[in-house]
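Structure assessment
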Amino acid sequence: MHIAEEQSERHVLSITVTNEAGILARIAGMFTARGYNIESLTVADISEDHQISRITIVTNGPPRVIDQIIAQLDRLVPVHKVSDLTENGPFVERELALVKVAGTGEHRIEALRLADIFRAKVVDTTTGSFIFEITGPTDKIDTFIGLMRELGLVEVGRTGIVGMVRGKA
Amino acid sequence: MAEMSGADILVQSLIDLGVEVVFGYPGGAVLPIYDVLYNHPKIKHVLVRHEQGATHMAEGYARSTGKPGVVLVTSGPGATNAITGITDALLDSIPMVVITGQVATHLIGSDAFQEADTVGLTRHCTKHNYLVKSPARLAHVVHEAFHIATTGRPGPVVIDIPKDVQVATAPFERPEVSSHVSYRPQVKADPADIATAVEMIAKAERPIFYTGGGVINAGPEATAALRELVELTGAPVTSTLMGLGAFPASSEKWLGMLGMHGTYEANYAMNKADLIIAVGARFDDRVTGRLDAFSPDSKKIHIDIDRSSINKNVLVDLPIIADAGSTLADLIAGWKTAGHKAANLSEWWARIDGWRAVDSLKYPADTTEIMPQHAIAGLFRATRGKDVIITTEVGQHQMWAAQHFHFDAPNKWLTSGGLGTMGYGFPAAIGAQMGNPDSLVICIAGDASIQMNIQELGTASQYRLPVKIFILNNEYMGMVRQWQELTYESRYSNSYSDSLPDFVKLAEAYGWTGIRIEGPQELEAGIRQMIETPGPVLVDCRVAKLSNCFPMIPSGAAHTEMLLDPGQVSGTMADEAKALV
C-alpha cells in the first residue's frame, strides 16, 4: 500500500487576533494538530493599544484544505478576521533576510556587485566578510541566497513574509 | 466595592450563572475552592472517584438537561485525568466548563509538585481555555467561559486557576454579559439561502433528511421544528448515532440510524437520494463510508452552525451556516409562504419499502443463549411508557442499543459518538440521574467497557442514585473481536476479557443490588427485577459470546457494499481497508 498525495497550492493568510498569552501556540498548534503546513509565520502587534496582533502565515495545500484551514482559524475564539491574500486579489508580500558571506578577492567583489543589483544593503563588514540586508518577495531572496551560496555563504536569517492587499481597502 | 477572594468570586459567579451541581475531586491546588464549597447551601458537589468520571458525569448531565456540565479538579494529575472527557465533549459538542487548580503563579514553570501545563495540554481539546492570573479577571472569565461553552457549536472550556489567585482578593462585581470582540457565532441563516433550500426540497423526487446531534443541541424547538418540516415535506428521516431521538423512531418516516451499523433502508436511501438535507450532522467517516461512493447522485444542503464542518469531508451544494432550530423554523415559514404542498413521493417510498423488507436488523434466534440484540429489545419493551434515559459505553453493545432501543424524544440517549470513549456510559448515567432524579437511567454496557470507570459504583452509592447498569457480558471486547474476525482471520489478539470480576459480588461490595441473568428463560424476569428494585442495580447479563453486529459497512466500503450477516464475511481485507479505522 502507498500513501497518495494531492496537488498543493501556496496561500498567504493574514490573521488578526487578540494579543493574548498563548495565541501563537493556539494558531501554530492548530496547524500541527490537523496536519496542515506552515511555510512561514510572522507575528507582531499592530494596534496603538497593543490589543491586536497580525499573524501572516504562508501555507500550502489543496484548495479544499486551504478552505478548511481558514474555517478552522476563523473558529478560534481570539481570531478576529482571516484574509486569504492569495484569493483576495493582488497583494504585496515582503520578507527581510540577513545573509552573511565570507570570502576574499574576486568572490568578495562579485558578492558586493550582486548585492548592488539586488539592492541589498551592507549592514556589517570585516576584511573577510559581509552581512547583507535584503528585502523583497520570497523568490527574490531565494535567488539572492542561491547566488551567495557560490560566493561563500556562511549563514542566513529570514523573517518570513508579511503581506497586504493592494489598493485602498 | 467589597473585596472577595478568588475562590469566593469563582463560586459566586457559578451561582450567578445558575450552576446547581459540580462534579469534582479535591486536591492541593483547589483547596481554597473546596473550602468555599464546604456545606454550601446552593451548589451541590458530587465527589467522584476519578476525574475522568467527573467529566463524563458532566457530559451526561449536560446532554440530558441541556444545561452546561461543570467539573472541578485539581492541578497536574487532576487535570490530565480530565482530558479524555474534555476531548469527548469537544468531539460530541457538549457544553462543559472544567475548572482546574494550578500551582501558584510564581511556581508556574518550575516543575512544582502536581504541576502540569494544563492550558497547553488542553489547548486543542477544548473550544477555548484560560489561565487566570488575577482574581480581578476571574468573574469576567467565568462568565465568558459559560457563554462560549453554551453558544454556537457547544463545547468544553477549561479555566485554569493558580492557587494564589484563589486566595488573593479583588473587588467583585457581577459582570455584564456583553458581546465578545471576536467570538460571534453565526446563528441566523441568509434568507436567500432559505428560499433556495425550500425550492430544492420542493423539487426533489428522492429527498432525505440526514440529522445529527446538532439538532438536539439546538434544543426542543429544533426537534419540534424538524418533526413539522418532515410532516410538511413527507420526506424520510435518518440520523447519526448522536442525533437519535431528535425525530421519533415510532414515526413511519423514520428509517433508523445510518452509517457503519445503520439500517439497510437508511444507507440505501442516502445512496440513491437526489437531495440530502443534512441538519446538524457532519458527514463523518462512520456515516459516509467510502467518500467517492457516498450518495453520488444527490444535491446536498448542509445546515451547520460550525463553518468548518462545511465541505470538510463531503462537498455540498448549498451550505447554510446557522443554528439548526432557527433554520428549520425559517424553512417551515419559507415552505408555507411559497405555498408548497408535500410532493408525491410514493415512488420513492415504494423503493424505501423494498429496502425495509430486507429487515436488516434481524438476528438469528437462539433458545439456549441470550442473543444480545434480543436482550436490548427486551429492555426496550420492559421500559416502554417509563421516562427512561439510556447511556452506553462503546462497542458492540452500543451499536446494538442504537439499533434495537428506539427513542421518541431528544436528550434520552447519551453515548460517546465522536471520540468513542469506553468508560463514558456509567459516569454519564450518574450525571444524567443527578439532573433527572425521577427518570429511569440505564447504562447499557459491555463487560470490558464497564471496567474502565467501574470505580464510580461508589459515587452512585454515596449519593443514593438509583442508576441501573445492564452489562451485555460476552467475555470479549466484542467490537475488537468482531474486527479481528472480519479482518485478521479470527486471530483474537488480546480481545478476550480474561479474569473478569464476579460483577454481582462487586456490585454488592459497593452496596448495590447485583443480578445475574444466565439464559433466555431468565431474561424477562431479570430485567423486570432490575427495574423494580429501588436503588442502584447492576445486571450481569450473559449473552452469546461470538455474536457480531450487523448490518455493517466495512471501513472504506460503500453504503451499497453492506454486510448483512456472517455469511458475507471473508475474514481478511485489503491493506487499504486495514489502514482505516
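Residues numbered from 1 in each chain as written. Chains lettered and ligands numbered in written order. Predicted model: local features only at pLDDT ≥ 70, side-chain atom pairs only at ≥ 80, totals over all residues.

Before going further, it helps to examine the overall build of chain A. Across its full length, chain A holds four helices and nine strands. When the helices and strands of chain A are placed in sequence order, the string is β-α-β-β-α-β-β-α-β-β-α-β-β. In terms of overall dimensions, chain A has a C-alpha envelope of 55 × 55 × 30 Å along the principal axes. Classification of the 169 residues of chain A by burial places 25% in the buried group. Taking the contacts inside chain A whose residues are at least 6 apart along the sequence as the reference set, 73% of them involve residues at least 24 apart. (Helix = DSSP H or I, 4+ residues; strand = E, 2+ residues; numbered from the N terminus. Buried ≥ 20, exposed ≤ 12 C-beta atoms within 10 Å, placed from the backbone. Contact = placed C-beta atoms within 7 Å.)

Before going further, it helps to spend a moment on the sheet that holds strand β10 (residues 237–239) of chain B. Sheets are built from strands that pair by backbone hydrogen bonding, the pairs being arranged parallel or antiparallel. Residue and element names in this part refer to chain B. Read from one edge to the other, the open sheet built from six strands follows the order β11-β10-β9-β12-β13-β14, with strand pairing classed as parallel. On the outer flanks of this sheet lie β11 (254–257) and β14 (318–321), each paired with one strand and no other. With direction set aside, neighbouring strand axes in the sheet form an average angle of 15 degrees. (Pairing = 2+ DSSP bridges. Axes fitted to C-alpha atoms, helices over the stretch in contact; angles between N-to-C directions.)

Turning our attention to the interface of chain B and chain A. At the interface, 17 residues of chain B touch 19 residues of chain A. Broken down by class, the residue content of the side of chain B that touches chain A amounts to five nonpolar, six polar and six charged. (Nonpolar A, V, L, I, M, F, W, Y, C, P; charged D, E, K, R; others polar.)

All names here are of chain A. Spatially, four strands are ordered β2-β3-β1-β4 in an open sheet, and the strand pairing comes out antiparallel. The sheet is open, and its two borders are formed by β2 (40–45) and β4 (79–84), each paired with just one other strand. Each strand of the sheet is rotated relative to its neighbour by a mean of 15 degrees, with strand direction disregarded. Across six bridges, the pairing between β2 and strand β3 (residues 52–61) is antiparallel. Bridged to S40 within β3 is V58.

As a further point, take the environment of T223 of chain B. Residues and elements named next belong to chain B. Its place among the elements puts T223 in helix α10 (residues 220–233). Between the C-alpha atom of T223 and that of E393, which follows or precedes it by 170 residues, the distance is 25 Å. For T223, the residues in contact, after removing those within four places along its chain, are V215, I216, A246 and P410.

Moving on, we come to the pairing of strand β13 (residues 299–304) of chain B. Within a regular strand, the side chains alternate between the two sheet faces. All names here are of chain B. Counting buried positions along β13 yields five of six residues, so the element is predominantly enclosed. Of the pairings in the sheet, the one linking strand β12 (residues 275–279) to β13 comprises five bridges and is parallel in character. Looking at the pairing, L275 lines up with K299 of β13. The sheet contact formed by β13 and β14 spans four bridges and is parallel. Residue pairing across strands places I301 opposite L318, the latter belonging to β14.

With 12 residues, helix α2 (residues 63–74) of chain A ought to run about 16 Å at 1.5 Å a step, and its terminal C-alpha atoms sit 17 Å apart, in line with that. Those residues of α2 of chain A not exposed but buried are I66, Q68, I69, I70, Q72 and L73 of chain A. (Expected span 1.5 Å × (residues − 1).)

Now for the confidence of the model for chain B. Where the model shows low pLDDT, its predicted coordinates should not be examined in detail. Averaged over all residues, the pLDDT of chain B equals 96, while 100% of them reach at least 70. The ipTM value of the predicted complex is 0.90, and its pTM value is 0.95. (pLDDT = per-residue confidence, 0-100.)

Formed by 196 residues in total, the largest nonpolar core has its most connected members in V71, I159 and F470 of chain B. Here this core gets eight residues from one element, more than from any other, and that element is helix α6 (residues 135–150) of chain B. Residues A97, V99, A115 and M148 of chain A belong to the second largest nonpolar core, which totals 12 residues. (Core = buried A, V, L, I, M, F, W, Y, C linked by C-beta atoms within 7 Å.)

Take the packing of α10 of chain B against helix α13 (residues 324–337) of chain B next. Residues and elements named next belong to chain B. Contact geometry for α10 and α13: axes closest at 8 Å, N-to-C directions at 30 degrees. Of the possible angle classes, the one that applies to α10 and α13 is roughly parallel. Note that α10 runs across α13; the crossing there is left-handed. Residues E221, A222, A225, L226, E228, L229 and L232 of α10 lie in contact with α13, whose contacting residues are A324, G325, L328, A329, L331, I332 and W335. Considered class by class, the residues forming the contact of α10 with α13 number 11 nonpolar, one polar and two charged. (Parallel < 35°, antiparallel > 145°, perpendicular 65-115°, else oblique. Left-handed = near helix turned anticlockwise from the far one by under 90°.)

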